[in-house]
Amino acid sequence: MDFRTIAIREIRMGFRNPWAYSFMALFIVFSIILLLINARNAVEGYSGVTSAMLNLILYLVPLMSLLLGSFSLTAEKEEGSWRLLSAYPLGTLSFIVGKYAGLTLVLWVIMFVGYGVSGMLGAVFGGGFAISDFVLFIAFSMGLSFLFVAIAMMIGTFARNRWQALTISVSIWFFAVIGWSSLLVAILGMVPYLYVKPALIFLTFLNPAELVRLFVIVKLGGGSILGPEYYDWVHWIGRADGTLWFILICTLWAAVAAGIAYIIWERGRHRE
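Residues numbered from 1 in each chain as written. Predicted model: local features only at pLDDT ≥ 70, side-chain atom pairs only at ≥ 80, totals over all residues. Heavy atoms only, no water.

(A) Here's a closer look at a nonpolar patch on the surface. Taken together, the side chains of Tyr 59, Phe 174, Phe 175, Ile 178 and Leu 183 define a hydrophobic patch exposed on the protein surface, amounting to about 450 Å² of accessible area. Ranked by residue count, the leading element in the nonpolar patch is helix α7 (residues 162-178), at three residues. Looking at where Tyr 59 falls in the secondary structure, it is placed in helix α3 (residues 48-78). (Patch = residues over 30% accessible without salt bridge, like charges linked within 9 Å, V, L, I, M, F, W, Y side chains within 5 Å. Areas by Shrake-Rupley, 256 points an atom, 1.4 Å probe, with all protein chains shown as cover. Salt bridge = Lys/Arg side-chain N within 4 Å of Asp/Glu carboxyl O. Helix = DSSP H or I, 4+ residues; strand = E, 2+ residues; numbered from the N terminus.)

(B) Structural context of the environment of Ser 118. Of note, Ser 118 is situated in helix α5 (residues 92-125). Overall, the relative accessible area of 4% leaves Ser 118 in the buried class. With 87 residues separating them along the chain, Ser 118 and Ser 31 place their C-alpha atoms 6.0 Å apart. (Buried < 20%, exposed > 50% of the residue type's maximum accessible area, 1.4 Å probe, protein only.)

(C) Highlighting the environment of Tyr 21. Along the chain, Tyr 21 turns up in helix α2 (residues 18-37). The class of Tyr 21 is partly exposed, set by a relative accessible area of 42%. Linking Tyr 21 and Ile 110, residues 89 residues apart in sequence, is a C-alpha distance of 7.7 Å. Polar contacts involving the side chain of Tyr 21 include one to the main-chain carbonyl oxygen of Phe 15, which spans 2.6 Å. (Polar contact = N/O pair within 3.5 Å; in protein donor to acceptor, adjacent residues only side chain to side chain.)

(D) Seen up close, the nonpolar core. In terms of nonpolar packing, the biggest core is built from 65 residues, with Ile 57, Met 64, Tyr 115, Phe 140 and Leu 144 touching the most fellow members. Listed by contribution, the elements that provide at least two residues to this core are α2, α3, α5, α6 (131-158), α7, α10 (208-219), α11 (231-238) and α12 (242-271). If one sorts the elements of this core by residue count, α3 sits on top with 14 residues. In this structure Tyr 115 touches Phe 27, Met 53, Ile 57, Phe 134, Phe 137, Ile 138 and Ser 141, once residues within four positions along its chain are discounted. (Core = buried A, V, L, I, M, F, W, Y, C linked by side-chain atoms within 4.5 Å. Contact = heavy atoms within 4.5 Å.)

(E) Just helix α9 (residues 196-206), in detail. For α9, the complete set of buried residues consists of Val 196, Ala 199, Leu 200, Leu 203 and Thr 204. Along α9, the residues classed as buried sweep out an arc of 130° about the axis, all on the same side. (Arc of directions from axis to C-beta.)

(F) Fine view of the packing of α7 against helix α8 (residues 180-189). Direction vectors running N to C along α7 and α8 enclose 70°, while the axes themselves pass 5 Å from each other. Classified by the interaxial angle, the pair formed by α7 and α8 is roughly perpendicular. Residues Phe 174, Phe 175, Ala 176, Val 177 and Ile 178 of α7 lie in contact with α8, whose contacting residues are Trp 180, Ser 181 and Leu 183. Grouping the amino acids of the contact of α7 with α8 by side-chain chemistry returns seven nonpolar, one polar and no charged. (Axes fitted to C-alpha atoms, helices over the stretch in contact; angles between N-to-C directions. Parallel < 35°, antiparallel > 145°, perpendicular 65-115°, else oblique. Nonpolar A, V, L, I, M, F, W, Y, C, P; charged D, E, K, R; others polar.)

(G) Fine view of the packing of aromatic side chains. Within this structure, the stated rule accounts for four aromatic pairs. With centroids separated by 5.6 Å and ring planes inclined at 85°, the aromatic side chains of Phe 174 and Phe 175 adopt a geometry described as edge-to-face. Among the residues examined, Phe 174 registers a relative accessible area of 38% and is labelled partly exposed. Given the relative accessible area of 46%, Phe 175 is considered partly exposed. (Phe/Tyr/Trp six-rings, centres within 6.5 Å; stacked < 30°, edge-to-face > 60°.)

Interpretation in functional terms is not warranted from these geometric data alone.
Right under this line is the structure:
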């Protein structure tokens, strides 16, 4: 049994999960609402409507990824599925990679359906987003889900049941998305001025939601709103190889998070 078998199993289970369809419905509804708000004008570049769309994605996709991912792993513990799978010649790495791949594909399908519906409605009735911006929104959502599923793997590894997974997931989502600006101001306020910029860079890399948000804002042409502290970010993201470096950074980030989940899960397996 290899990771492909686990991934296919996860995809089947994912589409039987009512949570998946609830998030899909929410995604479609809010996307349509934003299209209706801007029904008379085509949207291009960084504007109030694209900013609202980014915030919608930033609120919904990480929470969706954390809940679906962490619940999937904790369900294996609660329902005893992991004990059964352990009886087969299945490595822990194959299990984690298969889970990660399956969950990511489920989330991507949910988002593609949501974007497809809103995109078709925008094309038919007018007032849709520019194609380049629409592609960036899709990339933004895919990047967020890719990174936050890796975090969900860690949460599902630590949590003993779904209630713990829910509590940890909501806490991480709150601090990474809603409370991040306040947390950032509080931390940087205690740092000597000479070290503010290095601390800002470190903290930004620590938060995948902020990392992906900055990338998309710069690509939309809104880098000027970020302030002088992010001048270097605007410069390297805007370079020809900026996108490639960003993909490599996100891949490394996800690999480290999933690797931590693998190590902890493997240790727990040997203790059983």
